[in-house]
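Structure at a glance
Now for the letters of each chain:
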Amino acid sequence: MNQAEIRKLIPALRVAMTPKKRRFSNPRGPEGRLFKMRTTVNELIKNERMEVNYNRADEARGYAERLISEAIRYGDCHRPTMELADFWLPEKQNVHKLFKVLVPRFKDSEISYTRVHKAPHVYPSTLFDKVVLELRGNPFPPLEKLTTKRNWIHNILLEEAHREYLEKKYKQEGEEEEEVQ
Amino acid sequence: MLSAVPRRIFHTFFRKPPAQRVTAKVPPYIRDQLDSNTDNEQPLPHDFRTVYPEFLPDPRPEWRNRLRERLERNDMLTRRSVVAIPEFYIGSIMAVTVGDRNASDKTNRFVGICISRGGTGLRAWFNLRNVIDHQGLEIMYEMYSPLIRNIEVLRLEKRLDEELLYLRDALPEYSTFPLDMEPELLPEGAPVPINDIKVKLKPRPWHERWERKNLQGVQDLGLPQRFYNKAKLHEKPWEKYDLMMEYRATIPEEEQADIFHEIAPHYQQLESSRRQSKRRLAQTSRY
């Protein structure tokens, strides 16, 4: 029919996606593929940061984003959303985490809920591209390079010198004012 | 040194990844910048996308072209200002008049039940089915075709199913409608009624395996148990959890809002043509 599906209104994804799904080979067929995705999504919600192959991370990322956005939109009192969470998170403590930790964390977010960083190949390993997939706002130290130059030693020294100079100047001005009075 | 590594282990670790076709990714949707001069934030009716589904583009990213879609929407509005295309659903009974140079009065009128509807933009279409002289007839009409003179909705209603293709295998009385049928009018502002008729299918062989389609609008199919067992094997219960499949089949909410805000200035005209066609129906029914 190639007409857009109109029964459900879905908010736009905040990450780029492939136009077609990746067909991960699996003896259980499309159902098995979805179970593979489920393992990754469940681990991501549980550990908040994980290292996986790029293809799998990129595919599972969309599912995780959609799951979180559904949870934010409908909450935990909506039966279809609860069924979704029940399917996608086989470890049941993650269902509580999704609704009680992640929904408040991402409720007012304007950007994507997940991030992907390139990861190195550690010898010996396969030649598949590795990435680190993580939830935003996780408690781990950041992976991205620090872009601020404030902590550079000469910047710290310069800042300190500037502060000293200002202090000295204000002191002098105060003394001069006292003399005038 | 590498030669010391056993062949099997070597291939495990230094295996080349399978060659992949690199396809461009679909970037996240960014909303249109609303122009403050024009009043873009007009309230829109909630049933906009059910009444005018063909204004939404085809969701397949490979086939998208924003400029083409916008131009098509303009053309559709222009065509709608000439020929009133009424609100209809699958299961509605309609009459369509098209120009036909081989007919004696240069027009051809067909009455039938809408059994399927599809296509987007200027290529939107619907199928009408009727049984005339014991012969099942189906005609596909393109909604924005210049040949179309008039589209009337004789009975506005919905059915329990999304497609009524099973009427091909049903008894003929379920798809027989008189050609001189009178238009039936709904009271102003009433919801579209849902006809919960259960159709009786003819015995097999059929065009499709209807026992696998989870049809709501048919009576008991009366098949041996082995057919239902086979149908159970072909069910895909995991598809309702496939969030990305669902997403790839839809246009995101923000984009729909932008599209309908774009045609909102023409909404009065669309509505008035809808009302005019209703009034014309009322007049024709009076005489």
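Given the structure is predicted, the values throughout are model-derived calculations rather than measurements. (Residues numbered from 1 in each chain as written. Chains lettered and ligands numbered in written order. Predicted model: local features only at pLDDT ≥ 70, side-chain atom pairs only at ≥ 80, totals over all residues. Heavy atoms only, no water.)

Further remarks concern the domain arrangement of chain A. When the parts of a complex come together, some accessible area is lost, and that lost area is often taken as the interface size. Here the domain parsing of chain A yields domain 1 (3–135) and domain 2 (147–181). Look at where the C-alpha atoms of domain 1 of chain A and domain 2 of chain A centre, and you get two points 51 Å apart. (Domains from an automatic or database assignment.)

On to helix α3 (residues 79–88) of chain A, then. Among all positions in α3(A), only T81(A), L84(A), A85(A), F87(A) and W88(A) are buried. Buried residues of α3(A) fall within an arc of 160 degrees about the axis and therefore sit on the same side. Among the structural elements, α1 (29–47), α2 (54–74) and α4 (92–106) of chain A together with α5 (243–248) of chain B are those in contact with the buried residues of α3(A). (Buried < 20%, exposed > 50% of the residue type's maximum accessible area, 1.4 Å probe, protein only. Helix = DSSP H or I, 4+ residues; strand = E, 2+ residues; numbered from the N terminus. Arc of directions from axis to C-beta. Contact = heavy atoms within 4.5 Å.)

A few words on the nonpolar core. Within the largest apolar cluster, 57 residues are counted, with the highest numbers of intra-cluster contacts made by F126(B), Y166(B), L167(B) and L201(B). Elements represented by at least two residues in this core include exactly α2 (48–51), α3 (66–82), β1 (93–99), β2 (107–118), β3 (125–132), β5 (148–155), α6 (253–262) and α7 (267–286) of chain B. Formed by 41 residues, the second largest nonpolar core is a distinct cluster that contains A12(A), M37(A), A60(A) and V131(A). (Core = buried A, V, L, I, M, F, W, Y, C linked by side-chain atoms within 4.5 Å.)

With that settled, the discussion passes to the pattern of salt bridges. Counted by the stated rule, this structure contains 38 salt bridges over all chains. One salt bridge connects R22(A) with E59(A), and the closest N-O pair in it is separated by 3.1 Å. Here the residue R22(A) occupies a position in the segment before α1, and E59(A) occupies one in helix α2, the gap between them amounting to 37 residues. Take R22(A) and E59(A): they sit in the same class, and that class is buried. The partner of E160(A) in a salt bridge is R163(A), with the nearest N and O atoms 2.4 Å apart. Of this pair, E160(A) and R163(A) both sit in helix α5 (residues 153–180), three residues apart, which is roughly one turn of that helix. Residue class for E160(A) comes out partly exposed when judged on its relative accessible area of 37%. One connected set of salt bridges, linked through shared partners, spans R22(A), R33(A), D58(A), E59(A) and K25(B). (Salt bridge = Lys/Arg side-chain N within 4 Å of Asp/Glu carboxyl O.)

It is worth spelling out the sheet that holds strand β4 (residues 135–142) of chain B at this point. All names here are of chain B. The antiparallel open sheet is built from five strands, whose spatial order is β4-β3-β2-β1-β5. Pairing within the sheet leaves two strands with one partner each, and these edge strands are β4 and β5. Strand-to-strand twist in this sheet, taken as the mean axis angle between neighbours without regard to direction, amounts to 35 degrees. Sheet analysis places β2 next to β3, joined by five bridges and oriented antiparallel. Across the sheet, I113 pairs through a bridge with R129, a residue of β3. (Pairing = 2+ DSSP bridges. Axes fitted to C-alpha atoms, helices over the stretch in contact; angles between N-to-C directions.)

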